[in-house]
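Analysis of the macromolecular model
Read off the chains here:
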Amino acid sequence: MEEGKHATEASIELEHAIGFSGIPGCLFYHPGGEYFVAASGGTVVIQSFLDPHDQYFLSGHDGPITCMSMSKSGRYFASGQNGENSDVLVWDFETKKMLFRLSEHDHGVKCVAFSDDELLLCTVGVDSDKKMIVWDLSNGYIVCSNKMNPQPTNCVSWGGMVKDIKRRDTDKYLLVTSGAKTSVLWELDPYNGELVGEQVHTTGRGEQVRENINVEFSGDKETIFCGTTSGDFGLINVRLKKLMKTVRACRLGILSLLSWPEGVICGGGDGTITTFDASLTDRQQCRLDGPVVAMSFSPDKAELVAGTSTGFVYRVRLEGLQTLLVCENHHSAVKCVAFAPESSDKFATASSDNTLRIWDAGDYTTITTAEVKDAGAPTCLVYSLDMLVRGIALYDDNFHAISCSRDRSFLCWDLRSERKITSHKQRMGGINGVALSRDQTIVLTVGQERRVTSWDLRDQNPVNVRDLSPNLGDEATTIALSHDGTLFATAGTAMLIKLWDFAT
């Protein structure tokens, strides 16, 4: 290379992101009505409801997003993360650009919220950070900072303006923080940066003491609804600063909560969405796949978008609580991805959540899902469109996959019927890698025992076993066959790639 010239780094453009991270409060129905916005790992993804190819990616975090908020008009979004760079990023929806990087929290960001007039942003750190900060969105500067209260603080919400004795708006902002056993109402004077908090009074003890994990003001700002880990929600009278009553809603905690003129909607840890009328009587209920960790209204409040901790996103019509699945995802680490040699329009994934999925690469929908129930979590995967199984029949146009795990077993699946066909287990050590011969009759596995083992799926015993290395520290982690099937390669912890003759 000539002096002064630099090599250009190759880059790959991200085409599509599948999945919702299942982080509480990190899913929003944009007021424009066409898009929903969600956290996916360390990226904010803007996704069209109608066109799966219409996506925008807002990247700026170097770690997983832990919290998000959308302003009332949908103009702004804010996202926070934990770790060394525990920054809050403020995004502009129209330009899809970052407006501010707010770098004041030290250990992590627990929750964020925009004021109703979209002029201010409140950010609260994790327990070890102990900071509560209000930011000016016109310039990104700090308006005021205070020690978080309660400690820890789990959620924050704005309640418009503080009202005087005649219930008229003043020039001070009202917000509430809530967490372990109590809530605090704050009055903010943005002109002198004064932030004063007063603890909400509880009536009695025992059943009235709760840990609040989400909080929402009523439409008239006179009542605060607090969802708890106990599965009930409390009603706080803003004027009296007093907890008035609690209402039972679900099991396993209220993980998401919305207030609307007709009453309250609760998303439960038991997978239920329950609507309550103005008298706080439960009227309707539906059940989703997994704990409901996020909900957000459509512009006309005729439906909402709901996300679960298992990565599913639904549209829910509030009349009758009819559900429509928008997308699904693995809810734990994806360990491997495989395309079939014959096709690129479908691919398979295996995850630590003990599931295997086949995906359509055209519209990114799940074709079928299989669950591993009697073996360890899969660690590798081979995917084929046609495969000879047990020597009985050739499954034309069916989908088959082989998964293996560290419990020494590998399984063969018919993924269209979601059925396990065969199960094999090697003598010692977990299996790290698997490959298929070109005629797809022989399976090769490598793993902890430092051997490559050949299997015929019609026989429980190995066809052949070869030693890979005498070195105890040389564990094979992967295996791959050449296109003509004459060679195979292995690699492992010794950081060596070895090439082998398949026949000998």
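Residues numbered from 1 in each chain as written. Predicted model: local features only at pLDDT ≥ 70, side-chain atom pairs only at ≥ 80, totals over all residues. Heavy atoms only, no water.

Regarding the overall build of the protein chain
Within the protein chain, the secondary structure is distributed over zero helices and 45 strands. Seen through its principal axes, the protein chain has C-alpha atoms that stretch 90 × 65 × 40 Å. Taking all 504 residues of the protein chain together, the buried fraction comes to 52%. At a minimum sequence separation of 6, the contacts of the protein chain that also span at least 24 residues come to 40%. Split by element, the accessible area of the protein chain, about 23,400 Å² in all, is 48% carbon and sulfur. Separation between the mean location of the 48 positive side-chain charges and that of the 65 negative ones in the protein chain comes to 7 Å. (Helix = DSSP H or I, 4+ residues; strand = E, 2+ residues; numbered from the N terminus. Buried < 20%, exposed > 50% of the residue type's maximum accessible area, 1.4 Å probe, protein only. Contact = heavy atoms within 4.5 Å. Areas by Shrake-Rupley, 256 points an atom, 1.4 Å probe, with all protein chains shown as cover. Lys, Arg positive; Asp, Glu negative; His and termini not counted. Charge placed at Lys NZ, Arg CZ, Asp CG, Glu CD.)

Remarks on unusual backbone geometry
Cis geometry marks the peptide bond from Asn 149 to Pro 150; its omega dihedral reads 5 degrees. Inspection of the secondary structure puts Pro 150 in the loop between strand 12 (141–147) and strand 13 (153–163). Here the residue pair Gln 151 and Pro 152 is connected by a cis peptide bond, since its omega of 0 degrees sits within 30 degrees of zero. With respect to the helices, strands and loops of the structure, Pro 152 is situated in the loop between strand 12 and strand 13.

So, a nonpolar patch on the surface
A grouping of Val 334, Val 337 and Phe 339 is seen on the molecular surface, where their side chains present a nonpolar patch of about 280 Å² in accessible area. Within the secondary structure layout, Val 334 lies in strand 29 (residues 334–339). (Patch = residues over 30% accessible without salt bridge, like charges linked within 9 Å, V, L, I, M, F, W, Y side chains within 5 Å. Salt bridge = Lys/Arg side-chain N within 4 Å of Asp/Glu carboxyl O.)

Focus on the environment of Met 98
Inspection of the secondary structure puts Met 98 in strand 8 (residues 97–102). For Met 98, a relative accessible area of 33% corresponds to the partly exposed category. Aside from chain neighbours lying at most four places away, what touches Met 98 is Gly 60, Leu 89, Val 90 and Trp 91.

Looking at the UniProt feature "repeat: WD" (unreviewed entry) in the protein chain
The feature "repeat: WD" (unreviewed entry), as annotated in UniProt, sits at residues 327–369 and 477–504 in this numbering. Across residues 477–504, helical content stands at 0% and strand content at 57%; the span's end C-alpha atoms are separated by 21 Å. (UniProt positions renumbered as here; feature names shortened; annotations may be inferred.)

Remarks on the nonpolar core
By size, the foremost hydrophobic cluster in this structure holds 25 residues, and its most contacted members are Phe 20, Leu 27, Val 37, Val 44, Met 68 and Phe 77. Among the elements that take part in this core, strand 2 (residues 35–40) stands out by supplying five residues, more than any other. When residues no more than four places from it in sequence are discounted, the contact partners of Phe 20 are Cys 26, Leu 27, Ala 38, Ala 39, Val 293, Ala 294, Gly 307, Thr 308, Gly 311, Phe 312, Val 313 and Asn 329. Counting 17 residues, the second-largest nonpolar core is a separate cluster that includes Val 134, Cys 144, Leu 175 and Val 184. (Core = buried A, V, L, I, M, F, W, Y, C linked by side-chain atoms within 4.5 Å.)

Comments concerning the sheet that holds strand 28 (residues 322–327)
Through backbone hydrogen bonds, the strands of a sheet pair up, either in parallel or in antiparallel fashion. Pairing is antiparallel in the open sheet, where four strands are placed in the order 25-26-27-28. Strands at the two margins of the open sheet, each flanked by one partner only, are strand 25 (292–297) and strand 28. Recorded for the sheet is a direction-independent mean angle of 25 degrees between the axes of neighbouring strands. Where strand 25 meets strand 26 (residues 303–308), five bridges bridge the pair, whose relative direction is antiparallel. What sits directly across from Met 295, in strand 26, is Ala 306. (Pairing = 2+ DSSP bridges. Axes fitted to C-alpha atoms, helices over the stretch in contact; angles between N-to-C directions.)

A look at the sheet that holds strand 45 (residues 497–501)
If you trace the three strands from one edge of the open sheet to the other, you get 43-44-45, paired in antiparallel fashion. Each of the sheet's edge strands pairs with one partner strand only, and the pair in question is strand 43 (476–481) and strand 45. Adjacent strand axes in the sheet meet at a mean angle of 25 degrees when their direction is disregarded. Both strand 43 and strand 44 (residues 487–492) contribute to a ladder of five bridges, which runs antiparallel. By the bridge assignment, Leu 481 is partnered in strand 44 with Phe 488.

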